[in-house]
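# Summary of the model geometry
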Amino acid sequence: MDVRDRLLELIKDRAVVHGRVTLSSGRVADYYVDLRRVTLDGEAAPLVGQVMTDLVADLEVDAVGGLTMGADPVAAAMLHAAAARGSRLDAFVVRKSTKSHGLQQRIEGPPVRGRRVLVVEDTSTTGGSPMTAVEACREAGADVVAVAVIADRGSGAEERLREAGLEYRAAYRVDELDLPATG
């Protein structure tokens, strides 16, 4: 079994939770894809790094990150996957709002100004979280190359981000998870 197939198996087994939930977009769904059960798992996290790094291997980026908290373990996994392959990839964290103390930063980690960055997210429904991260990166002077997610729920994220002029990639689509698209 290859890395991508094994990660898909782990997502189906460990991350899909059935039952009514309210998503961050405000929509109600009959299931929740809790990818933190995978991105923070000792077996699955390295696979996340490999799959996501492969997904964007043709893009030239200096750093990867997104809106805390869904993006944090994805970015860290990619940083480690790149290092294991002999490459360098920095990671960053986008806060929901500017920190009110210390250095009062919205983006933590190595500076993104003047750098080519990839915004990542674990899963996306409407594209709201990645778009928030994109806006923060642009305000900080970064060149946002693309947005990449582990799982796309099939409810408008791709369209929204493409309309904003961004390349969008998903390692898995909702149909691969054997789940219905969220309406």
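Position numbers for residues count from 1 along each chain, tracking the sequence in the order it is written. Given that the model is predicted, a residue must reach a pLDDT of at least 70 before its local features are reported, and side-chain atom pairs must reach 80 or more before they are shown or counted; all residues, however, enter totals for whole chains, interfaces and linings. Just so you know, side-chain values use all the structure's heavy atoms and leave hydrogens and water out.

## Quick look at the pattern of salt bridges
- The term salt bridge refers to a pairing of a side-chain nitrogen on Lys or Arg with a carboxyl oxygen on Asp or Glu at a separation within 4 Å. The tally for this structure, following the rule as stated, stands at 20 salt bridges.
- With its nearest N and O atoms 2.9 Å apart, the salt bridge here joins Arg14 to Asp41. Here Arg14 is found in helix 1 (residues 3–15), whereas its partner Asp41 is found in the loop between helix 2 (36–39) and helix 3 (44–55), with 27 residues between them in sequence.
- One salt bridge connects Asp30 with Arg20, and the closest N-O pair in it is separated by 2.9 Å. Separated by ten residues along the polypeptide, Asp30 in strand 2 (residues 28–33) and Arg20 in strand 1 (residues 16–22) bring together distant segments of the chain.
- Under the relative-accessibility criterion, Arg20 is labelled exposed at 62%.
- Put simply, Arg6, Glu9, Arg14, Asp41 and Glu43 are held in one network by salt bridges that share partners. Each helix is a run of DSSP H or I of at least 4 residues and each strand a run of E of at least 2, with the numbering of both proceeding from the N terminus. Burial classification: accessible surface area is computed with a 1.4 Å probe over protein chains only, and a residue below 20% of its type maximum counts as buried, one above 50% as exposed, and the rest as partly exposed.

## Observations regarding the packing of helix 3 against helix 4 (residues 72–84)
- To define axes, lines are fitted to C-alpha atoms, for helices over the stretch in contact only, and angles between the resulting N-to-C directions are given on a 0 to 180 degree scale. Two elements in contact, helix 3 and helix 4, have axes whose closest approach is 7 Å; the angle formed by their N-to-C orientations is 75°. The angle between the axes of helix 3 and helix 4 places the two elements in the roughly perpendicular class. Residue-level contacts link Ala45, Val48, Gly49, Gln50, Met52 and Thr53 of helix 3 to Val74, Ala77, Met78 and Ala81 of helix 4.
- Of the residues assigned to the contact of helix 3 with helix 4, the class counts are seven nonpolar, three polar and no charged. The cut-offs work like this: below 35 degrees is roughly parallel, past 145 is roughly antiparallel, 65 to 115 is roughly perpendicular, and the gaps in between are oblique. Any two residues having at least one pair of non-hydrogen atoms within 4.5 Å are treated as being in contact. Note on residue classes: Ala, Val, Leu, Ile, Met, Phe, Trp, Tyr, Cys and Pro are nonpolar, Asp, Glu, Lys and Arg are charged, and everything else, Gly too, is polar.

## A short note on the packing of helix 1 against helix 3
- Where helix 1 contacts helix 3, the two axes come as close as 9 Å, and the packing angle between them is 130°. By the criterion of interaxial angle, the relationship of helix 1 to helix 3 is oblique. The way helix 1 lies across helix 3 gives a crossing that is left-handed. Together, Val3, Arg4, Arg6, Leu7 and Leu10 of helix 1 and Ala44, Leu47, Val48, Gln50 and Val51 of helix 3 make up the contact between the two elements.
- Among the residues forming the contact of helix 1 with helix 3, the class breakdown is seven nonpolar, one polar and two charged. Left-handed describes a crossing whose near helix is turned anticlockwise from the far helix by less than a right angle; the clockwise case is right-handed.

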